[in-house]
Every structure is written in C-alpha cells, then in structure tokens.
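Results of the structural survey
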Amino acid sequence: MFILYFIATTLLSPFLLIYWGFNKEKRGEIGERLGFGGWNFFINRKKKDVIWFHAASVGELNGIKSLIYKVKTNNPILITVTSSAARLIAREISEHSYFLPIDHPLFIGRIHKLVNPKAIIITETELWPAFIKAAKAPIILVNARISDKTLPRYKKLSFLLRSILNKFTLILTQTERDRERFLLLGSAQEKTKFIGNTKYDQVLKSPDEEINKKFSSKNIITFASIRDDEYQQIIE
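Counting restarts for each chain, with residues numbered from 1 along the sequence as it is written. In keeping with the model being predicted, local features are shown solely for residues with a pLDDT of at least 70 and side-chain atom pairs are shown and tallied solely at 80 or more, while totals for entire chains, interfaces and linings include all residues. In computing side-chain values, all of the structure's heavy atoms are included and hydrogens and water are not.

Remarks on unusual backbone geometry
- Its identity is not glycine, yet asparagine 116 carries a phi of approximately 50 degrees, on the positive side.
- Note on placement: asparagine 116 falls in the loop between helix 7 (105-115) and strand 4 (119-123).
- When a residue's accessible area, from a 1.4 Å probe over protein chains only, is under 20% of the maximum for its type it is buried; when over 50% it is exposed; and in between it is partly exposed. By relative accessible area, which is 32% here, asparagine 116 ends up partly exposed.
- For asparagine 143, which is not glycine, the phi dihedral falls at a positive 55 degrees.
- Put simply, DSSP H or I for four residues or longer makes a helix, DSSP E for two residues or longer makes a strand, and each gets a number counted from the N terminus. Here asparagine 143 shows up in strand 5 (residues 139-144).

Rendered as structure tokens:
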C-alpha cells in the first residue's frame, strides 16, 4: 500500500509545483516544500540533539506551545507546519521553523537525513505516511484525536494506518474515546495512552490594566482556530 501512495504522490508532485508556481502567495514556499532554503542550517550538523515538532495549523501549534517551551530549554527546536499563519507563529518560537516538505521520500526523506533528530513530536492527526515511514528517531503523537467525521474514512484505510501507527513510540490521546478509536485502527495497546490535551497545560497571562479599561464595557466576539481563507468572511 505504501508503494501505491508513493506512486500517487510522485504523480501529484509536479501539479503541486505548478500550482504553487502560479500562486503568488504560495510561490515563496516552494524552496521549503522541496527541502531547501533555510534547511541548510542542518547541513554537517553532527550532534543528534534536535527535537522536531510538527503541527499543521495555528490551533494545533498553540496546543503544544507549553510543551515546546519546556523542551526548548535543553534542546534545539525544529518546527514544521502546513499553513502560512502557523508558520508566522512558529517563527516567534524558533527561528528554525519551516513548511513541511512534500510527503514523498525524495523530499521528506532528505530532510530526515539532514536533521537527524533526537525525537519527533507530532500533533493530533498529522499522519503523513512518508514522513513517518522515513523516521529513524522515536516518534510521539500528542493530542491525538479522531473525530466522528473522519473515523469512517480511517476505518476504510485501516490496512494502511496500522503500519503507520505501529511506527509510533507513544500515542497520547485527548480523550478515552480517542484512545479506543486508535486501538480500533490498529495501534498497540501498550503504546496508546489517554493523558488529555496539552493546551490545558498553558499558563495564560492576565490582560493588563489598560486592556481591561478599554474592553470592560464592550461585548467581545472571539474567532478561534480560523483558516487563512476565512479572514475575509469574518470581516464582512
């Protein structure tokens, strides 16, 4: 099944490059998506001490911020993301923050060899087959979850997911229900634990007095976990 997936990504990769090339917003991402650009920092780095974090979106990244800062005190950090908004926030945490390369051995496999991480920490359901298959370091899935909507689709792909899930050293789920769903899809019982969501470990700063004065008499609406293409809709 991995062979079919690799064939599919091989065929799709040129079309992705064409799309990015004609898209002004995406054009600047091509180098990182191919595993070049800032990745050169890791060339000839002999020490195996980098902790690699991967989160797709702003919401996923914010959910592991406290964990990243704890790890950052003792180890150099690499963060990969898939959205432009998440990359901006990732850069505030670590200068070594990039777009995840195309999920094909030619691109993501090269980055694994280049970075040679000590450990890899992935969030929620970022189960990229080539990324995970190429990993030589221990991999931990944190805030792991499977929604009601995606469960039926994952069941159909359980023959592929089983081998992916077995690559993980630990799968730490948000809820007991999520743990049961991962077990149903083939994860090993001894590796699959329910520990909750790390976003609740964050220490939130209280708003300063000036902000309190400015907004205390106003009704405030908060839009959270929004996507890049939703900003205009919100403004309108």
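A short note on the pattern of salt bridges
- The rule for a salt bridge is simple: a side-chain nitrogen of Lys or Arg has to be within 4 Å of a carboxyl oxygen of Asp or Glu. Counting across every chain of the model gives 7 salt bridges.
- Between arginine 33 and glutamate 29 there is a salt bridge whose closest N-O contact spans 3.1 Å.
- One salt bridge connects glutamate 124 with arginine 145, and the closest N-O pair in it is separated by 2.5 Å. On the criterion of sequence distance, the pair formed by glutamate 124 in the loop between strand 4 and helix 8 (129-133) and arginine 145 in the loop between strand 5 and helix 9 (151-156) is long-range, its members being 21 residues apart.
- In this structure arginine 145 comes out as partly exposed when scored by relative accessible area, which is 32%.
- In this structure, a network of salt bridges that share partners links the residues Lys26, Glu29 and Arg33.

Some remarks on the pairing of strand 5
- Extensive coverage of strand 5 is indicated by the burial of 5 of its 6 residues.
- Strand pairing is assigned whenever DSSP identifies at least 2 bridges connecting the two strands. Bridge analysis of strand 4 against strand 5 gives 4 bridges, and the strand direction is parallel. In the sheet register, isoleucine 120 faces strand 5, and the bridge partner there is isoleucine 139.
- Strand direction decides the pairing type here: strand 5 and strand 6 (residues 170-173), joined by 3 bridges, are parallel. For leucine 141, the partnering residue across the bridge sits in strand 6 and is isoleucine 171.

Topic: the sheet that holds strand 2 (residues 77-81)
- As summarised here, the arrangement of the 7 strands in space is 3-2-1-4-5-6-7, forming an open sheet in which the pairing is parallel. Strand pairing shows two members of the sheet lacking a second neighbour, strand 3 (97-99) and strand 7 (192-194), which therefore form its edges. For this sheet, the mean angle separating the axes of adjacent strands, direction not counted, is 20 degrees.
- The pairing of strand 1 (residues 51-54) with strand 4 spans 4 bridges and is classified as parallel. The partner of isoleucine 51 across the bridge, within strand 4, is alanine 119.
- Two residues form a contact once any of their heavy atoms are found within 4.5 Å. Axis geometry follows a simple rule: fit a line to the C-alpha atoms, using only the stretch in contact for helices, then measure angles between N-to-C directions, giving values from 0 to 180 degrees. Relative to strand 3, helix 6 (residues 84-93) is tilted by about 165 degrees, and along the sheet it contacts strand 2 and strand 3.
- Taken strand by strand, helix 11 (residues 176-184) contacts strand 5, strand 6 and strand 7, and its axis lies near 165 degrees from that of strand 7.

A closer look at the environment of glutamate 176
- Checked against the element boundaries, glutamate 176 lands in helix 11.
- For the pair formed by glutamate 176 and arginine 145, sequence separation is 31 residues and the distance between their alpha carbons is 9.8 Å.

Overview of helix 6
- Burial in helix 6 covers these residues: Ala85, Ala86, Arg87, Ile89, Ala90 and Ile93.
- At its buried positions, helix 6 is contacted by helix 3 (30-33), helix 4 (58-63), helix 5 (65-72), strand 2, strand 3 and helix 13 (231-235).

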